[in-house]
Amino acid sequence: AQTVTQSQPEMSVQEAETVTLSCTYDTSESNYYLFWYKQPPSRQMILVIRQEAYKQQNATENRFSVNFQKAAKSFSLKISDSQLGDTAMYFCAFPNNAGNMLTFGGGTRLMVKP
Amino acid sequence: DTEVTQTPKHLVMGMTNKKSLKCEQHMGHRAMYWYKQKAKKPPELMFVYSYEKLSINESVPSRFSPECPNSSLLNLHLHALQPEDSALYLCASSQGAASRGYTFGSGTRLTVV
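Now for a quick tour of the structure.

## Things to note about the sheet that holds strand 3 (residues 18-25) of chain B
Strands belonging to one sheet form pairs held by backbone hydrogen bonds; the direction of such a pair is parallel or antiparallel. Residues and elements named next belong to chain B. If you walk across this open sheet you meet the four strands as 1-3-8-7, and the pairing is antiparallel. A strand with exactly one partner marks an edge of an open sheet, and here the two such strands are strand 1 (4-7) and strand 7 (64-70). Averaged over all pairs of adjacent strands, the angle between strand axes in this sheet comes to 20 degrees, irrespective of strand direction. Inspection of the sheet shows strand 1 paired to strand 3 by four bridges, in the antiparallel sense.

## A few points about empty space enclosed by the protein
Residue and element names in this part refer to chain B. With the rule as written, the count across this model stands at one cavity of 30 Å³ or more. As a volume, the largest cavity reaches approximately 40 Å³. Around the largest cavity sit His-29, Arg-30, Ala-31, Met-32, Tyr-49, Tyr-51, Glu-52, Cys-68 and Ser-71, which together line it. Of the residues that constitute the lining of the largest cavity, the class distribution is five nonpolar, two polar and two charged.

## Considering the pairing of strand 7 of chain B
All names here are of chain B. Note: strand 7 against strand 8 (residues 73-79), five bridges, orientation antiparallel. Note that in strand 8 the partner of Pro-66 across the bridge is Leu-76. Where strand 7 hands over to strand 8, the hairpin turn is made up of two residues, counted between the paired strands.

## Here's the deal with the layout of surface pockets
Of the voids in this model, the largest pocket is the one considered here, and its volume is about 280 Å³. Taken together, 18 residues make up the lining of the largest pocket; nearest its centre are Gln-39, Pro-40, Met-89 and Arg-109 of chain A together with Lys-40 of chain B. Breaking the lining of the largest pocket down by element, the ones donating at least two residues are strand 10 (88-95) and strand 12 (108-113) of chain A. Each pocket or cavity is described by its volume, and for the second largest pocket that value is around 200 Å³. Taken together, 15 residues form the lining of the second largest pocket, with Gln-44 of chain A together with Glu-3, Val-4, Phe-104 and Ser-106 of chain B sitting closest to its centre. Looking at the lining of the second largest pocket, the element that brings in the most residues is strand 1 of chain B, giving three residues. Among the residues forming the lining of the second largest pocket, the class breakdown is seven nonpolar, six polar and two charged.

## As for the interface of chain B and chain A
Taken residue by residue, the interface counts 26 residues in chain B and 19 residues in chain A. Of all residues in chain B, Ser-99, Arg-100 and Phe-104 of chain B bury the most surface against chain A, accounting for 28% of the area lost on that side. Counting across the interface, chain B meets chain A through eight residue pairs in polar contact (both at pLDDT 80 or more). Classifying every residue of the side of chain B that touches chain A by side-chain character gives 13 nonpolar, eight polar and five charged.

## Regarding the side chain of Lys-36 of chain B
Residue and element names in this part refer to chain B. On the secondary structure map, Lys-36 appears in strand 4 (residues 31-37). Its relative accessible area of 17% is what places Lys-36 among the buried residues. Every residue in contact with Lys-36, bar those within four places of it in the chain, is listed here: Pro-42, Pro-43, Glu-44, Met-46, Glu-84, Asp-85, Ala-87, Leu-88 and Tyr-89.

## Some thoughts on the pattern of salt bridges
Between side chains of opposite charge, pairing is possible as soon as their charged atoms come close. Applying the stated criterion to the full structure yields seven salt bridges over all chains. Arg-63 of chain A is paired through a salt bridge with Asp-86 of chain A; the nearest N and O atoms lie 2.8 Å apart. Pair noted here: Arg-63 of chain A is in the loop between strand 7 (60-61) and strand 8 (64-69) and Asp-86 of chain A is in the loop between strand 9 (74-79) and strand 10, with a separation of 23 residues, a long-range link. Owing to a relative accessible area of 19%, Arg-63 of chain A belongs among the buried residues under this scheme. The partner of Asp-85 of chain B in a salt bridge is Arg-63 of chain B, with the nearest N and O atoms 2.7 Å apart. Residue Asp-85 of chain B is found in the loop between strand 8 and strand 9 (87-94), and its partner Arg-63 of chain B is found in the loop between strand 6 (53-57) and strand 7; the two are separated by 22 residues along the sequence. Arg-63 of chain B gets classed as partly exposed once you look at its relative accessible area, which sits at 24%. A single salt-bridge network, built from bridges that share partners, covers Lys-36, Arg-63 and Asp-85 of chain B.

Cut-offs and rules
- Residues numbered from 1 in each chain as written.
- Chains lettered and ligands numbered in written order.
- Predicted model: local features only at pLDDT ≥ 70, side-chain atom pairs only at ≥ 80, totals over all residues.
- Heavy atoms only, no water.
- Pairing = 2+ DSSP bridges.
- Helix = DSSP H or I, 4+ residues; strand = E, 2+ residues; numbered from the N terminus.
- Axes fitted to C-alpha atoms, helices over the stretch in contact; angles between N-to-C directions.
- 1 Å grid on protein atoms, 1.4 Å probe; cavity = no way out; pocket = protein on both sides within 12 Å on 5 of 7 lines; lining within 4 Å.
- Points joined across faces, edges and corners; volume = space filled by probe spheres on them.
- Nonpolar A, V, L, I, M, F, W, Y, C, P; charged D, E, K, R; others polar.
- Contact = heavy atoms within 4.5 Å.
- Buried area = accessible area lost by both parts, 1.4 Å probe.
- Polar contact = N/O pair within 3.5 Å; in protein donor to acceptor, adjacent residues only side chain to side chain.
- Buried < 20%, exposed > 50% of the residue type's maximum accessible area, 1.4 Å probe, protein only.
- Salt bridge = Lys/Arg side-chain N within 4 Å of Asp/Glu carboxyl O.

Here it is, written out as structure tokens:
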């Protein structure tokens, strides 16, 4: 069974600085997608970034980038130039073997301080 | 239209009430999902509909009854709920397999009194 682990329940960062959120997972699959979702206090889950496992290049979306280490089964999210609006819960997510549902990590609560 | 719309946004109901949550998408997505989320916890899967058929039921109590009348609409019928059922209920949809990711609605905050 797939497991997704986020080892940092809470983190804080000063505005304009860089922060990295960690995620590890376990799978026997060779080709899959990995996701980071953001859930601000407004509670809507928003897709931040997606990584395809067969791609060597790490995904980047503006200030958000991933460090994907397939052999280590690690998928961390780096947020550069942190903004107050980045304050949210961040969930790492991974599909099950059948590809018919996503499993979420326990979440990391990120607070960006002015 | 790239949204998943959930109504109502907030719902307070008594333990003897019957109510329904509604979820709608017009993106042509063929899979739709109900998740339950408690405060500071990740979403927990309840039901999956694929091509309008129930494909996954994660051992959810029968007081929750899903319905998918058509490919754009997903309902969750609620009856005889308990206070511990108070939570955020999230609907999501995906274009075919979940493996490519979901689009989420903004949720219904349910309080059972």
